[in-house]
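A look at the structure
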Amino acid sequence: MPGKFVLAAMLFMLATASHALPEASAAQQGMLDQLAIPRDYTVIFQDASGNAIPFDHFQAAIATRPFDIDKDTVHHRAVLKVQGEAAMAAAATGNAAARRLPLTGHPFPAFQAKTLDGKPVSLASLRGKPFVANFFFALCAPCIAETPVLSAFHRQHPEIPVVAFTFDDAATASEFVRTRRFNWPVVADQATLATEAGVKVYPVLMHVDAMGVVVSAVASDAVKGPGGTLAVADLERWVGAAR
């Protein structure tokens, strides 16, 4: 009889464990799917010092600071690292060069898609007038934080075309737009475009000239003024300097 109780207890513990594990695993996999990291990749989460940390520690850290993504397509490996103080300090002091993306000075990748409200948009349709592009995703805390400022900028400068790209699917992106009241035209399912544009950190801002050449491509932290919080005036200054 005691053996039956032991067996029953073991089965209960296994059932409880098998029920609890998928929940944590689902949160992690959901984030990786949104980041467009293939499921056969080995994924390593790192703190700002480069030490490997559990996913829940990483998730807590990125609630207040940005992170970098380094994908190794040859070895099917991805490293997600919380940004360190040096990178954040460089951005806070306005050192845009420290956060400049390689696409600066090169043509913006050609694309043809539809915004969430069904309007067609492409690089060809934007050609002839400078525009500002934003790369974001729904679970990105810094992206969420800057959304009200981006919306305010668009309201104050409707003469400047803007478009936001995300690798999120349309449903996720639509919910983000609704809850955050984001007023930019948004194009979902753009993981390929983000890769072609060399986006490895979020959020990113790009100023593209009338000929389709990227005048400035930076992590948006680099646009912030000395106050450390993105403001409409920072965006105005950045757009003006990039002209």
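Residues numbered from 1 in each chain as written. Predicted model: local features only at pLDDT ≥ 70, side-chain atom pairs only at ≥ 80, totals over all residues. Heavy atoms only, no water.

1. Digging into the state of the cysteines
Inspection of the entire model under this criterion finds 1 disulfide. The disulfide partner of C140 is C143, and the S-S distance across this bridge is 2.3 Å. Between C140 and C143 the sulfur-sulfur dihedral comes to about 80°; the bridge is accordingly right-handed. Using a relative accessible area of 2% as the deciding quantity, one classes C143 as buried. (Disulfide = S-S within 2.5 Å. Buried < 20%, exposed > 50% of the residue type's maximum accessible area, 1.4 Å probe, protein only.)

2. A few points about the sheet that holds strand β3 (residues 77–82)
Reading across from one edge, β1-β3-β2 is the order of the 3 strands in this open sheet, with mixed pairing throughout. Strands with a single pairing partner mark the edges of an open sheet, and in this sheet they are β1 (42–46) and β2 (67–72). For this sheet the average axis-to-axis angle between neighbouring strands, irrespective of direction, equals 15°. Relative to β3, β2 runs antiparallel, the two being bridged by 6 bridges. Within the sheet, the bridge partner assigned to D70 lies in β3 and is V79. (Pairing = 2+ DSSP bridges. Helix = DSSP H or I, 4+ residues; strand = E, 2+ residues; numbered from the N terminus. Axes fitted to C-alpha atoms, helices over the stretch in contact; angles between N-to-C directions.)

3. Concerning the sheet that holds strand β6 (residues 131–136)
Strand order across the open sheet formed by 5 strands is β8-β7-β6-β9-β10, with mixed pairing between neighbours. Two strands bound the open sheet, and with one partner strand each, they are β8 (186–187) and β10 (214–219). Judged from the 5 bridges that link them, strand β9 (residues 204–208) and β10 form a sheet pairing that is antiparallel. What sits directly across from L205, in β10, is V218.

4. Here's the deal with the nonpolar core
Core analysis: the largest hydrophobic core is formed by 70 residues, its most contacted members being L80, F108, F135, Y202 and M206. Filtering out sequence-adjacent residues up to four positions away, F108 remains in contact with L103, L123, F131, A133, F135, F165, L193, M206, V208, G212 and V214. (Core = buried A, V, L, I, M, F, W, Y, C linked by side-chain atoms within 4.5 Å. Contact = heavy atoms within 4.5 Å.)

5. Some remarks on the packing of aromatic side chains
With the rule as written, the count across this model stands at 17 aromatic pairs. Aromatic rings pair up to connect F45, F55, F58, F67, F137, F167 and Y202 into one cluster. (Phe/Tyr/Trp six-rings, centres within 6.5 Å; stacked < 30°, edge-to-face > 60°.)

6. Quick look at the environment of G84
Considering the arrangement of structural elements, one finds G84 in the loop between β3 and α3 (85–92). Measuring from C-alpha to C-alpha, the distance between G84 and P66 comes to 9.1 Å, with 18 residues separating the pair along the chain. If near-sequence neighbours (up to four positions away) are discounted, G84 is found in contact with A48 and R65.

7. Some thoughts on unusual backbone geometry
Trans is the prevailing form of peptide bonds, just as negative phi is the prevailing case for residues other than glycine. Each neighbour pair has its own omega, and for Y202 with P203 the value is -5°, a cis peptide bond. By the secondary structure assignment, P203 is in the loop between α7 (191–196) and β9. In this structure, R181 takes a positive phi of about 55° despite not being glycine. Mapped onto the elements, R181 comes out in the loop between α6 (170–180) and β8. Judged by relative accessible area, which is 73%, R181 ranks as exposed. The phi dihedral of D189 falls on the positive side, at around 60°, and the residue is not glycine.

8. Details of the pairing of β6
Extensive coverage of β6 is indicated by the burial of 6 of its 6 residues. Burial along β6 is two-sided: F131, A133 and F135 facing one way and V132, N134 and F136 facing the other are all buried. The pairing of β6 with β9 spans 5 bridges and is classified as antiparallel. For A133, the partnering residue across the bridge sits in β9 and is M206. Bridge analysis of β6 against strand β7 (residues 162–166) gives 5 bridges, and the strand direction is parallel. When the bridges of β7 are listed, A133 appears paired with V163. A crossover links β6 with its parallel partner β7, the connecting element being helix α5 (residues 141–156), and its sense is right-handed. (Right-handed = clockwise from strand over helix to strand, strands pointing away.)

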